[in-house]
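# Coordinates in review
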Amino acid sequence: MLALWVLAALQSGPAPDVTARVDRTHVTAGDDLLLTIRARTRSAAPVTVALPALTGFTVVGSREVTEVTLEALGGPVRTTTRELELRAQRPGALVIGAVRVEQGGRRVMTAALTVTVDSASTGLATAVSPIARRLIDAATPPTPGEQAEHVALSVLLPGDSVLVGQQLDVIAVAWFPRELRVRLRRAPILTLQTPEGVWSYPGAAPSEVAASRLVRGRWLDLFIAHEAVFPLAPGRIVIPPATVEYAVPASFSFFSREDRYSLRSDTVPVQVLPLPGARSMVGDPPAVAQGLTLDLRLDPPTGRVGEPIAVTATLSGVGNVALWREPVIGWPPGFRSYAGETGTRIEARNGRIAGAKTFHYLVMPDSVGSFQLPAVRYPYYDLAAGDAAAATLAPRPLMVAAGLEPRAARALPPLERGRGPVWTDELAHDLVPWGWLVLLVGPPLLAWLWRRRRPAPPIRVAAPAPGPLSRIGRAERQFHALLASHVPDAEARDGDGLGRALRAAGVESAVADHVMRLRDRLRATRYGPRAPGDAAQLAAELEQVLRVLGGDPARTRRRVSVLIVAAAACGSLGALARPAAAQALSAEALYEAGALRAAADSFAARAGAEPRAPAHWYNLGATLYRAGADGKATAAWAIAARLAPRDDTVRRARELLPPPDAPSEPLLLVGVATPGEWALVAALLWVALWIVAAGGRRRVVLGSVALLTAAVVGLAAREALRRGRPVAIVVHPATSVRVAPYGSASAAATVEAGAALLVDRAFGGWLEVHRQDGVRGWVLATEVTRL
């Protein structure tokens, strides 16, 4: 037991060293301070941090980090740090209680911390503002009956109506008779609740008397609570009741008990009016301000290719600064912008909420030259003028010099020259729709006709081996074969209707009658007495008829040869008439000279003119890859791989930019052939299937060809379904996937350039995307490229 106790003591180790501190001990109401809790221990047991009640504070943000360091003598030391960003909500001496840390049955507590919070507000002065002072001076005092025995409480407003986005000052006033006020041991607690449907800024709440009024020969001391609110939408809002709590000693003795009282005011309705002319303003509701100005600063004022420029846009004026929207800045072509942090500074100007809102950007130029930042126009509603206004910035020039290109850091892919569309894919595309319909319907129809017109196999009987045929014998056999090809019906060939059947088959009347007479003469020659010389004359006439009706095999072969030569000639003329796939070498020259933006534009124009040429997409991806736009290069090379899936150059280029994450790999996967190529193979097998069926082959051969055809059709359908998915590729690094389609929404996930996502639907300028690994949300349509 002793050994077990010693072993447990050694494993538990000493108690952790815990400290808690704040970065500031004196703040004003609404200011932020940082509470840092650090626990340092040598034990591997988990550390549990229990926070005290943070009365009077609001937790704005938190962060927890654990670090392990190795010391030469003591071994590993684990340090757990938790940082809490707190915001002071009310004035006074606020106490942060002891922090309790537990580890392995040991408990350590820190000392309490005291923070002094002055009576200041977020945006309003510590003292009573001029607006509040004017309202208090104009307030109607309570009636004599009320001031004799009780405290009066009222809510003061500058009016019963207000515009959307206009500041509305709400003041709660507690009227204390001086005889009662001097008996109080502590200041009364005056509470003013925030109404719904507004954006509020808590104002001054002095603990001392804010003003005194002599009413009918009696002094009244006033305690106030002030709040500035901004209505968010037209309609009707209700100011909630204000409350005041105070305690009155039962006697003049210091140790006497206190009687506690609470007083509640009435609710006050306020009508919120829409902005005059707001319906005529196009787009989202404008910002509501007064004297709004816009400033734009660039650091450095001139840039280099590939080096970021810090751009700061600042809006300054009077109004609800927190709700001012981001200005729309049109960047020149070839500039990639990345939004940064947004800062807000609140101040008071003659009792009005004012301040500045700052938007930070990082802008990356990718081309050399002289550019011009276009004019910026920020529309808003000016309360002073009572009409729509705009803060504007004039256009300004921006010079971009050549940067240091990291040539040695990454391999540069070569360009492809003179390659047009893949002939198989082009053929499959040109067959749409009638060619594919003919390939689908033609083979079975021809096979059916062939099987129908083929004569029944003759009954084989034992007969002596035939000798060599004479001239008239050969002509007779060819003549009967010719008649069978024109008139499949045996009864029509042998009867009197041969002439009508030949004319119905398209043979001229004179030729049909002559053929019918030759048939009769041939029968008479074979089965009746024949005169000398009749056989030779009849054979000559039969050969003449065979040549007229196209039965001569030599003539048929010559006709087929002529058709083949004509088809080849037409194909050559079509190839000459087709526009050349390669354009001028201006894009290649720009690429070699380093003018990447111009080269990318030229390759993009080629890809737009010939979208099925993989060389154009490959060259566009190579240019973007050299310029550092990895996301756009990934998209261009993905399109090239879809057009030429077996091209070694495209495959090697895609290896330079592998997918940034595992879930993107199946979305960017390309098969060994295009759907058109699989369809062509399936069409050839389909034709072969019906040739086998028409030839009367065995069922095993027919079934094998049918199974192979079905397998190839399945592969074509699989590849078509894979490419039919709505895939989008992220083009900017560290792109935020937001929970809602607006810029201030929180980010649900962050994806890197080149990542693939599936698009669900579009909403305005946003796309709803998802992926199998749980990434789901909204991205801007300009942040992705759809395949």
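Computed from a prediction, not measured in an experiment: that's the story for all the values here.

As a further point, take the overall build of the chain. On a plain count of helices and strands, the chain comes out with 20 helices and 37 strands. Sequence-distant contacts, at least 24 apart, represent 68% of the contacts inside the chain between residues at least 6 apart.

Here we take up a nonpolar patch on the surface. A surface patch of nonpolar side chains, about 860 Å² in accessible area, is lined by W434, L437, L440, V441, L445, L446, W448 and L449. Examined against the element boundaries, V441 turns out to sit in helix α6 (residues 434–453).

What follows is about the packing of helix α15 (residues 614–627) against helix α16 (residues 630–643). Their axes nearest at 8 Å, the elements α15 and α16 cross at an angle of 160 degrees. Considering the angle they form, α15 stands roughly antiparallel to α16. Seen from above, α15 lies across α16 with left-handed handedness. Across the interface between the two elements, P614, W617, Y618, L620, G621, A622, L624 and Y625 from α15 touch D630, K632, A633, A636, W637, I639, A640 and L643 from α16. The class makeup of the residues in the contact of α15 with α16 is 13 nonpolar, one polar and two charged.

Looking now at the sheet that holds strand β9 (residues 106–109). Strand order in the open sheet formed by three strands is β4-β8-β9, and the pairing between neighbours is antiparallel. Among the strands making up the open sheet, the edge pair consists of β4 (48–50) and β9. With strand direction ignored, the average angle separating the axes of adjacent strands in the sheet is 20 degrees. Alignment of β4 against strand β8 (residues 100–103), held across three bridges, turns out to be antiparallel. Within the sheet, the bridge partner assigned to T48 lies in β8 and is E102.

Before going further, it helps to examine the pattern of salt bridges. Using the criterion set out here, one finds 23 salt bridges in the structure. The salt bridge partner of D259 is R257, with a shortest N-O separation of 2.3 Å. D259 gets classed as partly exposed once you look at its relative accessible area, which sits at 26%. On the basis of relative accessibility, which here comes to 57%, the residue R257 falls in the exposed class. A salt bridge links R297 to D295; the nearest nitrogen and oxygen atoms lie 3.9 Å apart.

Turning to the packing of aromatic side chains, a few remarks are in order. Applying the stated rule across the entire model yields nine aromatic pairs. Centroid distance F176 to F223: 5.4 Å. Interplanar angle 80 degrees. Geometry classified as edge-to-face. Here F223 lies in strand β17 (residues 218–231) and F176 lies in strand β13 (residues 168–177), a separation of 47 residues in the sequence. In this pair, the class of F176 matches that of F223, namely buried. Relative to Y246, the ring of F176 has its centre 5.1 Å away and its plane inclined at 80 degrees; by these criteria the two rings are edge-to-face. Taken together, the residues F176 in strand β13 and Y246 in strand β19 (residues 243–249) connect sequence positions 70 residues apart. The structure contains a cluster of three or more aromatic residues connected by ring pairs, namely F176, F223, Y246 and Y261.

Looking now at the sheet that holds strand β10 (residues 113–118). A sheet is described by the order of its strands in space; here three strands give the open sequence β2-β10-β7, paired in mixed fashion. A single partner strand is all that each edge strand has here, and the edge strands are β2 (26–28) and β7 (92–96). Adjacent strand axes in the sheet meet at a mean angle of 35 degrees when their direction is disregarded.

Note that strand β23 (residues 303–304) and strand β30 (residues 396–401) share two bridges and pair parallel. Bridge pairing in β30 links R304 to A401. Inspection of the sheet shows strand β27 (residues 369–373) paired to β30 by five bridges, in the antiparallel sense. The residue of β30 that forms the bridge with Q372 is P397.

For the rest of this paragraph, the subject is the environment of V49. With respect to the helices and strands, V49 occurs in strand β4. We classify V49 as buried; its relative accessible area is 16%. For the pair V49 and V18, spaced 31 residues apart in sequence, the C-alpha separation works out to 9.9 Å. When residues no more than four places from it in sequence are discounted, the contact partners of V49 are I37, R82, V99, R100 and V101.

Another point: the side chain of T314. Considering the arrangement of structural elements, one finds T314 in strand β24 (residues 309–319). Ignoring anything within four residues of it in the chain, the contact list for T314 reads T293, L294, D295, A356, K357 and T358.

Before going further, it helps to examine unusual backbone geometry. In this structure, P300 follows D299 across a cis peptide bond, with omega equal to 0 degrees. Of note in the backbone geometry, R216 takes a positive phi value of approximately 55 degrees without being a glycine. Within the fold, R216 resides in the loop between β16 (211–215) and β17. The exposure class assigned to R216 is exposed, which follows from its relative accessible area of 61%.

Looking at the chain as a whole, its pLDDT mean stands at 78, while 83% of the residues score no less than 70. Here residues 120–126 is a poorly scored stretch, pLDDT under 50, and it has 29 contacts once near neighbours within four places are set aside; other chains count. A low-confidence stretch, residues 551–585 (pLDDT under 50), is modelled with 17 contacts involving residues beyond four sequence positions or located in other chains.

Right, let's get into the environment of A688. For A688, the position within the fold is in helix α19 (residues 675–694). Separated by 245 residues in the primary sequence, A688 and P443 have C-alpha atoms spaced 8.7 Å apart.

In this structure, T36 sits in strand β3 (residues 32–41). If near-sequence neighbours (up to four positions away) are discounted, T36 is found in contact with T19, A20, R21, T81, R82 and E83.

Moving on: α15. Given 3.6 residues to a turn, an α-helix orients residues that are three or four positions apart in the same direction. Its 14 residues place the ends of α15 20 Å apart at the C-alpha level, agreeing with the 20 Å of an ideal helix rising 1.5 Å per residue. Most of α15 is tucked away: 13 of the 14 residues are buried. Directly after α15, the chain includes G628, whose backbone phi takes a positive value near 95 degrees.

Note that R304 resides in strand β23. Given a relative accessible area of 40%, R304 falls into the partly exposed group. The spatial distance from the C-alpha of R304 to the C-alpha of A401 is 4.6 Å, given a sequence separation of 97 residues.

Axis separation between α16 and helix α17 (residues 648–656) bottoms out at 10 Å; the angle between their running directions is 150 degrees. Judged by the angle between their axes, α16 and α17 are roughly antiparallel. As for the relative orientation of α16 and α17, their crossing is left-handed in sense. Of the residues in α17, those touching α16 at W637, A638, A640 and A641 are V650, A653 and R654. Residues that form the contact of α16 with α17 fall into these classes: six nonpolar, no polar and one charged.

Quick notes on the rules
- Residues numbered from 1 in each chain as written.
- Predicted model: local features only at pLDDT ≥ 70, side-chain atom pairs only at ≥ 80, totals over all residues.
- Heavy atoms only, no water.
- Helix = DSSP H or I, 4+ residues; strand = E, 2+ residues; numbered from the N terminus.
- Contact = heavy atoms within 4.5 Å.
- Patch = residues over 30% accessible without salt bridge, like charges linked within 9 Å, V, L, I, M, F, W, Y side chains within 5 Å.
- Areas by Shrake-Rupley, 256 points an atom, 1.4 Å probe, with all protein chains shown as cover.
- Salt bridge = Lys/Arg side-chain N within 4 Å of Asp/Glu carboxyl O.
- Axes fitted to C-alpha atoms, helices over the stretch in contact; angles between N-to-C directions.
- Parallel < 35°, antiparallel > 145°, perpendicular 65-115°, else oblique.
- Left-handed = near helix turned anticlockwise from the far one by under 90°.
- Nonpolar A, V, L, I, M, F, W, Y, C, P; charged D, E, K, R; others polar.
- Pairing = 2+ DSSP bridges.
- Buried < 20%, exposed > 50% of the residue type's maximum accessible area, 1.4 Å probe, protein only.
- Phe/Tyr/Trp six-rings, centres within 6.5 Å; stacked < 30°, edge-to-face > 60°.
- pLDDT = per-residue confidence, 0-100.
- Expected span 1.5 Å × (residues − 1).

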